[in-house]
Amino acid sequence: AAAFEAFADGNAKSKAIYDRATESLPGGNTRTVLFYEPFPISIASARGSKMTSVDGKEYVDFLGEYTAGLYGHSEPVILEAITQALSRGLSFGSHNADEAELAALVRERFPSIDLLRFTNSGTEANLMAIALAKIFTKKSKVLVFSGGYHGGVFLFKEGYSSPLNAPHEYLIAKYNDVESVEELVSKAENANDLAAIVVEPMIGSSGAIPGDHAFLAGLRQVASKHGAVLIFDEVMTSRLYRGRGVQGELPDEAQPDLTTLGKWIGGGMSFGCFGGKREIMELFDPRNPGALAHAGTFNNNVLTMAAGRAGLEKIFTPDRAGELHEKGEQLRKRLQAVSEGSLLKVTGCGSLMNLHFTTTPVDAIKRPQDVVGGNTMLGDLLHLFLLEKGYYVARRGFIALSLAISDQDIHGFVDAVKSFIHHHQS
Ligand code: PLP
């Protein structure tokens, strides 16, 4: 209560904005994940790794817009591309040159993608990919993983029901457990009716828990054996390693049939993308009679196409991606070192990670259920503590480093986490 009071005193303008919003938006909120108690701060402006609130406080942004903010705020090359596009006009309702170039850049990065389509969000990309898999295979069941997340379509709260609650017949298996997949799929009623396996190569929103590469390769085998489409949801993970996603680390025989992308690839603008094998994606070719329709007013909007193209062409080269990956690996090791002996555990891969309060040793965290029952009050306290120290992370402890995060930002962050642990050790 005392922490809430101090927070309210120091953020009066944010509070006023929040109160105003509650008049029109349920709980003052239009994106659930951004809410926290006692009220969320409002950001007025941002540049590089820093954001300034309406109350004039500065925060180092360790959330990086849940991975969409890879380039950092107001990155000049991205801004220039958007400004140029703006100066030529918006929403032509026609093809444009940047869409062809952005598509080519995406295809180059992800060799499993022969053809692709753009959407407005990662959610839409997954909806399209799953629907496509069902049409392609003429089968109906969709295997997903408990605690996985593929978009914000009416996610059920109770337990971990369906990770994307569109009206599909789901089989829900255990992450990092290929036997649980085989067991479900080999049941008589499923064996001939599996349209798709959809997997995050690292569980993202539910705690940054990497998939073992043997597990991902195992899924490839199960999918092939049963004639199902293997879909990698790399909406979050596509930045990892050398910017070719987790699939970039897997051998040819473990590649997915379809991949969904989103977030940073649109340069920070609304973005989604799905693509993969030619024989599947060609179903959309409008030159063919009976082609599948794919609508979306803003699918190829000029701002996203220009921003995305500039980012891939001029900024996020494989070398820059590799450096960012390594920076994340180092940060995770340092956080693990300062939290040794405490309940704080840090999972993740490269520049994506999650802080958890749990008694489960970090190496034993293989699925979201392994950290459920962790101490959420400590998590909330850490979140508020970091905000007060000027560090912006997700309430649930998720961190996505942007290219703008400096070594100094990292030192300060590690120190802040260290002092929290020191205060709350017991
Ligand atoms: N898939 C994954 C793995 C995600 O993390 C997200 C968003 O967090 C989505 C899909 C949905 O993307 P969007 O928020 O753009 O709809």
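Fair warning: this is a prediction, and the values are worked out from it, not measured in the lab.

A. The arrangement of the overall build of the protein in detail. Each helix and strand counted, the protein has 14 helices and 16 strands in total. Taken over the C-alpha atoms alone, the protein extends approximately 65 × 55 × 45 Å along its principal axes. By residue count, 48% of the 426 residues in the protein fall in the buried class.

B. Representation of the sheet that holds strand 10 (residues 229-233) within the structure. Strand order across the open sheet formed by 7 strands is 4-12-11-10-7-5-6, with mixed pairing between neighbours. The outermost strands of the open sheet, each flanked by one partner alone, are strand 4 (115-119) and strand 6 (169-173). The mean inter-strand angle of the sheet, taken between neighbouring strand axes irrespective of direction, is 20°. Of the strand pairs in this sheet, strand 4 and strand 12 (residues 272-276) are connected by 5 bridges, and their pairing is antiparallel. Of the residues in strand 12, the one forming a bridge with L116 is G275.

C. Here's a closer look at helix 8 (residues 213-225). Across its 13 residues, helix 8 extends 19 Å between first and last C-alpha, which sits within 8% of the 18 Å expected from 1.5 Å per residue. L216, L219, V222 and A223 are the residues of helix 8 that are buried. End-on view of helix 8: buried residues confined to an arc of 115°, all on one side of the axis. Exposed side chains of helix 8 directed beyond 90 degrees from the buried face belong to A214 and S224. Against the buried residues of helix 8 lie helix 6 (178-186), strand 7 (194-199) and strand 10. Remark: G227 follows helix 8 within two positions and exhibits a positive phi of approximately 65°.

D. Focus on the sheet that holds strand 2 (residues 50-53). Across the sheet, 4 strands lie side by side as 1-2-3-15; this open sheet has mixed pairing. The open sheet has two edge strands, strand 1 (43-47) and strand 15 (391-392), and neither has a second partner. Pairing of strand 1 with strand 2 involves 4 bridges; the strand directions are antiparallel. Along strand 2, the bridge assignment pairs I43 with S53.

E. Representation of the site of the ligand. Around the ligand there are 17 residues in total, and S121, G122, T123, G151 and V235 lie nearest to it. The biggest single contributor to the shell around the ligand is helix 5 (residues 122-137), with 3 residues. In terms of residue class, the shell around the ligand is made up of 4 nonpolar, 11 polar and 2 charged.

F. Main features of the nonpolar core. Of all hydrophobic cores here, the largest spans 110 residues; its most connected members are A133, A196, I197, V229 and I231. Among the elements that line this core, the one with the most residues is helix 5, at 8 residues. In contact with A196, other than residues within four places in its own chain, are I130, A133, V142, A228, V229 and I231.

G. The arrangement of unusual backbone geometry in detail. The step from E37 to P38 runs through a cis peptide bond, and the omega angle for that step is -5°. Residue placement: P38 occurs in the loop between helix 2 (12-22) and strand 1. The residue Y66 is not glycine, and still its phi comes out positive at about 50°. The residue Y66 is located in the loop between strand 3 (58-61) and helix 3 (76-88) in this model. Positive phi values are uncommon outside glycine, yet S91 reaches one of about 45°.

H. How the structure looks around the pairing of strand 7. Counting buried residues in strand 7 gives 6 out of 6 residues, a clear majority hidden from the surface. Two strands pair when backbone bridges link them, and strand 5 (residues 141-145) and strand 7 are joined in this way by 3 bridges, in the parallel orientation. Looking at strand 7, one finds that K141 is bridged to L194. Looking at chain direction, strand 7 and strand 10 are connected through 4 bridges and run parallel. Residue pairing for strand 10: V199 is matched across the bridge by F232.

I. Representation of the environment of I135. With respect to the helices, strands and loops of the structure, I135 is situated in helix 5. According to the C-beta neighbour criterion, I135 is partly exposed, with 13 such atoms within 10 Å. Placed 60 residues apart in sequence, I135 and A195 show a C-alpha to C-alpha distance of 8.4 Å. For I135, the contacting residues outside a window of four places in its chain are L283 and L292.

Conventions used here
Residues numbered from 1 in each chain as written. Predicted model: local features only at pLDDT ≥ 70, side-chain atom pairs only at ≥ 80, totals over all residues. Helix = DSSP H or I, 4+ residues; strand = E, 2+ residues; numbered from the N terminus. Buried ≥ 20, exposed ≤ 12 C-beta atoms within 10 Å, placed from the backbone. Pairing = 2+ DSSP bridges. Axes fitted to C-alpha atoms, helices over the stretch in contact; angles between N-to-C directions. Expected span 1.5 Å × (residues − 1). Arc of directions from axis to C-beta. Contact = placed C-beta atoms within 7 Å. Near = placed C-beta within 6 Å. Nonpolar A, V, L, I, M, F, W, Y, C, P; charged D, E, K, R; others polar. Core = buried A, V, L, I, M, F, W, Y, C linked by C-beta atoms within 7 Å.

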